Amino acid sequence: MIDTASLRAEQVEKAKAVVKQDRLGFDEPKWIAGADVGFEQDGKITRAAIAVLSYPSLELVEYRVARVPTSLPYIPGLLSFREYPALLAAWERLTIVPQLVFVDGQGIAHPRRLGVASHFGLLVDVPTIGVAKSRLCGHHDELEPFAGAVSPLIDKEEQIGWVWNSKARCKPLYISIGHRVSQESALFWVERSMRGYRLPEPTRWADAIASRRPAFMRWLAAHPEKNVDEG
DNA sequence: GCGACAG
DNA sequence: ATCTTGTCGC
């Protein structure tokens, strides 16, 4: 059985170490990464992908993939324990060290303030931002129906992130501090990593790679020398 | 007790 | 997350 109580206790402890101020180490980053996880073989295998993009050109310059046996089922609130082992394995394979990482999922916008973006950021000690496609906790005012509309995400009287319409007629994104980034900078850097789609480019590429989407398979066909899947 | 619930 | 075609709307 899974000792969910102790995992939750661990989150409460680790959340104390999350840095919610800017400790970016750059004025403007040269490399921004996106990190995401997908699954194979009916969920037996967890596959993590990290895509490194140049900034401000936002071009994919490197990616790494790692597969590890799935260790935990999906339990709302405990997602990071399921995903971080594979993310760490992919991280260790990078030749470029990203200065900022967008992680698919929540940062501190989590019941115990330790979503996967914060947990991973702490483990590798790098600035991270949580970019989630749906809400885990907290509440917010309804957004005005246009791109750019934003509203604070609130939980227990405290702002834990932003709800942001990244694109017209699309569901909003939930942006939160991961680690070593302020609330303001989190939204700022995500806004500057957009290219006309609902998701910022680093996240879009990580998702395409982790889930082997057609867009990534086409890119691979055009750049065969960059195929490093499996190694 | 009831409902909500990242990926 | 993943399984999957067509379809509605801009």
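Residues numbered from 1 in each chain as written. Chains lettered and ligands numbered in written order. Predicted model: local features only at pLDDT ≥ 70, side-chain atom pairs only at ≥ 80, totals over all residues. Heavy atoms only, no water.

1. Thoughts on the UniProt feature "site: Interaction with target DNA" (unreviewed entry) in chain A
Right, on to step 1. Under the UniProt annotation, the feature "site: Interaction with target DNA" (unreviewed entry) is placed at Tyr 74.
Right, on to step 2. The residue Tyr 74 is located in the loop between β3 (60-69) and α2 (79-92) in this model. (UniProt positions renumbered as here; feature names shortened; annotations may be inferred. Helix = DSSP H or I, 4+ residues; strand = E, 2+ residues; numbered from the N terminus.)

2. Regarding the protein's contact with DNA strand C
Right, on to step 1. All residues adjacent to DNA strand C are Gly 38, Phe 39, Lys 133, Arg 169, Ser 211 and Arg 213.
Right, on to step 2. Take the atoms of DNA strand C that sit within 4 Å of the protein: sugar and phosphate atoms are 100% of them.
Right, on to step 3. Lys 133 is positioned with one of its side-chain polar atoms (N or O) 3.4 Å from a phosphate oxygen of DNA strand C.
Right, on to step 4. Split by residue class, the surface near DNA strand C holds one nonpolar, two polar and three charged. (Near = heavy atom within 4 Å. Polar contact = N/O pair within 3.5 Å; in protein donor to acceptor, adjacent residues only side chain to side chain. Nonpolar A, V, L, I, M, F, W, Y, C, P; charged D, E, K, R; others polar.)

3. Overview of the side chain of Arg 113
Right, on to step 1. Structurally, Arg 113 is set in the loop between β4 (100-104) and α3 (116-124).
Right, on to step 2. A distance of 2.6 Å separates a polar side-chain atom of Arg 113 from the backbone oxygen of His 110.
Right, on to step 3. A distance of 3.0 Å separates a polar atom in the side chain of Arg 113 from a polar atom in the side chain of Glu 158.
Right, on to step 4. Arg 113 has contacts with Ala 15, Val 18, Gly 107, Ile 108, Ser 118, Asp 155, Glu 158 and Ile 160, leaving out every residue within four places of it along the chain. (Contact = heavy atoms within 4.5 Å.)

4. A short note on the environment of Phe 216
Right, on to step 1. Inspection of the secondary structure puts Phe 216 in helix α6 (residues 214-222).
Right, on to step 2. By relative accessible area, Phe 216 is classed as buried at 2%.
Right, on to step 3. Aside from chain neighbours lying at most four places away, what touches Phe 216 is Tyr 63, Trp 205, Ala 208 and Ile 209. (Buried < 20%, exposed > 50% of the residue type's maximum accessible area, 1.4 Å probe, protein only.)

5. Some details on unusual backbone geometry
Phi is mostly negative for residues that are not glycine, and the peptide bonds are mostly trans.
Right, on to step 1. Note that the residue after Tyr 55, namely Pro 56, is joined by a cis bond; omega there is 10°.
Right, on to step 2. Examined against the element boundaries, Pro 56 turns out to sit in the loop between β2 (45-54) and β3.
Right, on to step 3. We note that Leu 58 has phi near 60°; this positive angle belongs to a residue other than glycine.
Right, on to step 4. Here Leu 58 shows up in the loop between β2 and β3.
Right, on to step 5. Residue Leu 58 is classed as buried on the basis of its relative accessible area, which comes to 6%.

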